[in-house]
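Report on the structure
One letter stands for each residue in the lines below.
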Amino acid sequence: MEEQDQDWIERYFRGELPTAEQAAFERRAATDAAFGAEVELHRKALQAIGLLEKEVVLRQLAQKGRELDAQRRPGVRWLWLGSALLLLLAIWGWWRWGQTPVSQPLPPDSPRVDPPPDTLPLKPAPGTPNSTTPQNPPPVALDRAARERLFAANFSPHKDPSLEPSLRGGAQPAPAEQFQQHYWEGRYGEALALFDSLPPAAQTNDNLLFVRAECWLATGQAALAVPVLEQILRNDRTRYMDAAAWHLALAYLRLGRLDAARAQLQHLRRNPASPWRNQAAALLRRIS
Amino acid sequence: MKNPEGAEIEALLQALAEGRTEWLDQLYAQHREGFFRWAGRRFDSSRQDLEDAWQEAVFAFYQQVASRNITALRYSVRSWLFAVGARRLLNYHRKMRRVLWKDEIDEALLHDPVFQHFPGEEPLADERAGLLSAIQELSPQCRVLLRERFFLEKSIAEIQQLFDYQSANALSVSLSRCLGRLKEMLRAKARI
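Heads up: these notes are all about the structure in this document. Keep in mind that what you see is a predicted model, and the values were worked out from it rather than measured. (Residues numbered from 1 in each chain as written. Chains lettered and ligands numbered in written order. Predicted model: local features only at pLDDT ≥ 70, side-chain atom pairs only at ≥ 80, totals over all residues. Heavy atoms only, no water.)

1. Observations concerning the overall build of chain B
- Check the secondary structure of chain B and you find 9 helices and 0 strands.
- In chain B, the order of α-helices and β-strands from amino to carboxyl end is α-α-α-α-α-α-α-α-α.
- Taking all 192 residues of chain B together, 47% fall into the buried category.
- Counting contacts in chain B only where the partners sit at least 6 residues apart, residues at least 24 apart contribute 67% of the total. (Helix = DSSP H or I, 4+ residues; strand = E, 2+ residues; numbered from the N terminus. Buried < 20%, exposed > 50% of the residue type's maximum accessible area, 1.4 Å probe, protein only. Contact = heavy atoms within 4.5 Å.)

What follows is the structure in structure tokens.
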């Protein structure tokens, strides 16, 4: 395609052509197949550029939404707690008011025995006359055991052909290759130990950092994996972006950061390019 | 930015036209709960549907400003965003409830042809994935240049100044190479 034609196409899409020239452009695009294909390709390129910007902006807004929700919820929670406390105080006051004091004061020299601060109150044995109706535990949407079960059901260290260490006869593999080899063979502890001895450039490589985060997740150290996964998603330089996004959601879930997990899963669910889209939707239903 | 009026709207439009997306955070946060309340009364939608619609509306506003389709506003920013968010909910077949008290936004939604085209058509999932995957294969530098030129529609002179290019010609060559590379990727994806 001539440079002049390219320029013409760009000016058309920028809306810079006068009406008559625009009509001529459209006539040519309709009658000259090669030119028409080039126009269509340019339209797709513009669409790709717009889509990428949209991805970035929606991710940014979703993050802001998570922050806003996190700011809003504690306030509501405190309001409820405060109300519940006031209600309990009112009930206790009313009950005390209706009681005749029967307790005998202790003799002035009796030693007062306070229970140690970490002593649990005695529970009456079940079936004893004094045992009161057992209190219902506070409703827990997703307890730790349930979260760990969900994590275990969904997490497996990411492995694809690009991570498979290449077999090279004779030569001693480089430390970064050894690191990947340990990971590939499931020796996560050894991989983690080796990471610290990698050259500084390798330690800041987002692909290797992703593998390190995977090792942490595989060894139950989600809290260490989260900031690394967040960082490499922000950098947008690794080829494992989709896997990192999915595993970040799982890491949040494991740590009990359910709002963050939901938001991350929502993002994945809406991303048609993510191979974990359906799994994210299914997991989201489980934790919503 | 409590209530962007007059000069503040100009500053907002200027910032967004330059691609300073941190301003979107303020816009998004400022009217978000209001939109949830307003749209929640009009549509049978979950909070997540409303959130998606709100994000789309904020992005549509940014896109319109970046492409210079919006240089001044006939409605308040809030009304514009609410109308586009509502249009998005309608496009996704969310049923609209009857409301007794119609406001400026309801009127705009019903009668202003501007809002009939929002948000624009999205490519199908497969096509979208192909487009995204093609552009993500470019170098970060190429992505930045293409964004400045084709999303933010900045002139060669503006980009040259922004990135300290020695000459407009050197920048044009870089841009042309990046665009060519993207098109190659798209051609390759289309062949697969």
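Following the structure, the description resumes.
2. With respect to the interface of chain B and chain A
- The interface is formed by 37 residues belonging to chain B together with 34 residues belonging to chain A.
- Note on chain B versus chain A: buried area summed over both sides is about 3700 Å², and carbon and sulfur give 61% of it.
- At the boundary of chain B with chain A, the tally comes to 10 salt bridges.
- Our count for the chain B to chain A interface comes out at 16 residue pairs in polar contact (both at pLDDT 80 or more).
- Breaking the side of chain B that touches chain A down by element, the ones donating at least two residues are α2 (22–42), α3 (47–66), α6 (125–136), α7 (140–151) and α9 (168–191) of chain B.
- Split by residue class, the side of chain B that touches chain A holds 18 nonpolar, 4 polar and 15 charged. (Buried area = accessible area lost by both parts, 1.4 Å probe. Salt bridge = Lys/Arg side-chain N within 4 Å of Asp/Glu carboxyl O. Polar contact = N/O pair within 3.5 Å; in protein donor to acceptor, adjacent residues only side chain to side chain. Nonpolar A, V, L, I, M, F, W, Y, C, P; charged D, E, K, R; others polar.)

3. Structural notes on the state of the cysteines
Residue and element names in this part refer to chain B.
- Using the criterion set out here, one finds 1 disulfide over all chains in the structure.
- Across the disulfide from Cys142 sits Cys178; the S-S distance is 2.1 Å. Of note, the bridge from Cys142 to Cys178 carries an S-S torsion of about -75° and is left-handed in sense. In this pair, Cys142 is assigned in helix α7 and Cys178 in helix α9, connecting sequence segments 36 residues apart.
- Taking the relative accessible area as the measure of exposure, Cys142 reaches 13% and is therefore buried. (Disulfide = S-S within 2.5 Å.)

4. Some details on the packing of helix α1 (residues 7–17) of chain B against α2(B)
All names here are of chain B.
- Where α1 meets α2, the axes come as close as 9 Å, and the angle between the chain directions of the two elements is 130°. The orientation of α1 with respect to α2, classified from their angle, is oblique. Two secondary-structure elements touch here, α1 through Ala11, Leu12, Ala15 and Leu16 and α2 through Trp23, Leu24 and Leu27.
- Classifying every residue of the contact of α1 with α2 by side-chain character gives 7 nonpolar, no polar and no charged. (Axes fitted to C-alpha atoms, helices over the stretch in contact; angles between N-to-C directions. Parallel < 35°, antiparallel > 145°, perpendicular 65-115°, else oblique.)

5. Topic: a nonpolar patch on the surface
- Judged by side-chain polarity, Leu85(A), Leu86(A), Leu89(A), Trp92(A), Trp94(A), Trp95(A) and Trp97(A) come together as a nonpolar surface patch covering roughly 990 Å² of accessible area.
- Among the secondary structure elements, Trp92(A) is positioned in helix α3 (residues 33–98). (Patch = residues over 30% accessible without salt bridge, like charges linked within 9 Å, V, L, I, M, F, W, Y side chains within 5 Å. Areas by Shrake-Rupley, 256 points an atom, 1.4 Å probe, with all protein chains shown as cover.)

6. Describing the packing of helix α8 (residues 206–218) of chain A against helix α9 (residues 222–235) of chain A
All names here are of chain A.
- At their nearest, the axes of α8 and α9 sit 8 Å apart, and the two run at 155° to each other. In terms of orientation, α8 lies roughly antiparallel with respect to α9. In this structure, α8 meets α9 at a crossing whose hand is left-handed. Together, Asp206, Leu209, Phe210, Ala213, Trp216 and Leu217 of α8 and Ala222, Leu224, Ala225, Val228, Leu229, Ile232 and Asn235 of α9 make up the contact between the two elements.
- The class makeup of the residues in the contact of α8 with α9 is 11 nonpolar, 1 polar and 1 charged. (Left-handed = near helix turned anticlockwise from the far one by under 90°.)

7. So, the packing of aromatic side chains
- Using the criterion set out here, one finds 19 aromatic pairs over all chains in the structure.
- Considering the side-chain rings of Tyr62(B) and Phe151(B), the 5.3 Å spacing of their centres and the 50° angle between planes classify their relative orientation as tilted. Residue Tyr62(B) is found in helix α3, and its partner Phe151(B) is found in helix α7; the two are separated by 89 residues along the sequence. Each member of the pair, Tyr62(B) together with Phe151(B), is buried.
- Here a set of aromatic residues connected by ring pairs shows up, and it is made of Trp8(A), Tyr12(A), Phe13(A), Phe25(A) and Phe35(A).
- Across the ring face of Tyr183(A), the terminal group of Lys159(A) is positioned such that the distance to the ring centre comes to 5.5 Å.
- The positively charged end of Lys159(A) is found above the aromatic ring belonging to Trp184(A), 6.0 Å away from the centroid. (Phe/Tyr/Trp six-rings, centres within 6.5 Å; stacked < 30°, edge-to-face > 60°. Lys NZ or Arg CZ within 6 Å of the ring centre and 35° of its normal.)

8. A look at the pattern of salt bridges
- The final tally for this structure, using the stated rule, is 33 salt bridges over all chains.
- In this structure, Asp69(A) and Arg47(B) form a salt bridge, with 3.2 Å as the shortest nitrogen-oxygen distance. Of the two residues, Asp69(A) is situated in helix α3 and Arg47(B) in helix α3; the pairing between them involves two chains.
- Residue class for Asp69(A) comes out buried when judged on its relative accessible area of 13%.
- Here Glu148(A) ties to Arg254(A) by a salt bridge, and the two come within 3.6 Å at their closest N and O atoms. Placement of Glu148(A) in helix α4 (residues 144–154) and of Arg254(A) in helix α10 (residues 241–255) is noted, with a sequence separation of 106 residues between them.
- The class for Glu148(A) is partly exposed, based on a relative accessible area of 27%.
- Each member of the salt-bridge network shares a partner with another, and the members are Asp69(A), Arg32(B), Glu33(B), Arg47(B) and Glu51(B).

9. A closer look at α6(B)
- The terminal C-alpha atoms of α6(B), which comprises 12 residues, lie 16 Å apart, in line with the 16 Å expected from a rise of 1.5 Å per residue.
- Turning to α6(B), its buried residues number three or more, namely Arg128(B), Ala129(B), Leu131(B), Leu132(B), Ala134(B) and Ile135(B). (Expected span 1.5 Å × (residues − 1).)

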